[in-house]
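For reference, the chains in residue letters:
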Amino acid sequence: MAKVAIVTGSAGGLGKGIAERLCKDEFSVVLHDINESLLNETVSEFGKKGYNVIGVKGDVAKREDQFNLVKEAVNTFGRLDVFVNNAGIDAVSPFLEITEDQLNKLFSINVNGVVFGTQAAAEQFINQKSKGKIINACSIAGHESFEMLGTYSATKHAVKSFTHSAAKELAKHQITVNAYCPGIAKTKMWDRIDEEMVKYSDDLKPGEAFEQYSSQIALKRYQTPEDVANLVSFLASDEADYITGQAILTDGGLVYR
């Protein structure tokens, strides 16, 4: 019987790459996103490749949506084995211009979403009396706080902390909780970050913020979705059964912890 994984925020970007890798690992995968049209496109694309997937639209910031997501997965595939809390958003601004709206929006999605997803997944693992794996999207910004990314960095530090807390509390149920910490990938998120950095700079041109950050990578190339998916694939496998409470950097050599 195929294992079942949920990947939030998987209609595009790193989440899509993670979902596809888990499909290749022979998981049945529940694709999830708030963007219904993009979600439907990805479900269709994966279906044509012969992957066993369904799509569920939802907002990770809503606890009810996260529990419904798990319910839909179990209704379709009969069980749950892996929950990937991937969904997240960024914001770029000087510290003195951080707004109430920015704080509320980023924390509700990046932090509350991880908490609610972890709760929903853990409840299912406990009910089905099985081991389970929860894998969270952290970031290099969960280890290092970056200028102009104050709120985003704070949310990712919170994700790392909740990863540690949940791992400690859920270990007795044979549930592991880990996080992957990507660096600089050529995604739409980084395109937005670059665009915003240029707005707040007197001398940066489009593309230069991305180049400046990625030039510091020891392995001399920016990240691909596959680089992140390789780590998530391992954490989702039986080989990672003895790893819990870790926030693992996968950044090509940029932040060292």
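Remember, predicted model here, so these are calculated numbers, not experimental data. (Residues numbered from 1 in each chain as written. Predicted model: local features only at pLDDT ≥ 70, side-chain atom pairs only at ≥ 80, totals over all residues. Heavy atoms only, no water.)

Description of the overall build of the protein
Along its length, the protein carries eight helices and seven strands. Taking 2.2 N^0.38 as the reference for a compact globule, 257 residues should give roughly 18 Å; the C-alpha atoms of the protein span a radius of gyration of 18 Å, in line with that estimate. Over its C-alpha atoms, taken along the principal directions, the protein stretches across nearly 55 × 40 × 35 Å. For the protein, the residues scored as buried account for 51% of the 257 residues in total. Of all intrachain contacts in the protein linking residues separated by at least 6 positions in sequence, the fraction that spans at least 24 positions is 70%. Taken as a whole, the protein presents about 12300 Å² of accessible surface, with 50% of it coming from carbon and sulfur. The average position of the 27 basic charges and that of the 34 acidic charges among the side chains of the protein differ by 5 Å. (Helix = DSSP H or I, 4+ residues; strand = E, 2+ residues; numbered from the N terminus. Rg over C-alpha atoms; globule rule 2.2 N^0.38 Å. Buried < 20%, exposed > 50% of the residue type's maximum accessible area, 1.4 Å probe, protein only. Contact = heavy atoms within 4.5 Å. Areas by Shrake-Rupley, 256 points an atom, 1.4 Å probe, with all protein chains shown as cover. Lys, Arg positive; Asp, Glu negative; His and termini not counted. Charge placed at Lys NZ, Arg CZ, Asp CG, Glu CD.)

Looking at the nonpolar core
In this structure, Ile18, Leu22, Val29, Val84, Ile135 and Tyr180 are the most contacted members of the largest nonpolar core, which totals 28 residues. Counting residues per element, this core draws most heavily on helix H8 (residues 225-236), at six residues. If sequence neighbours within four positions are ignored, Leu22 has contacts with Ala5, Val7, Phe27, Val29, Val84, Ser233 and Ala236. (Core = buried A, V, L, I, M, F, W, Y, C linked by side-chain atoms within 4.5 Å.)

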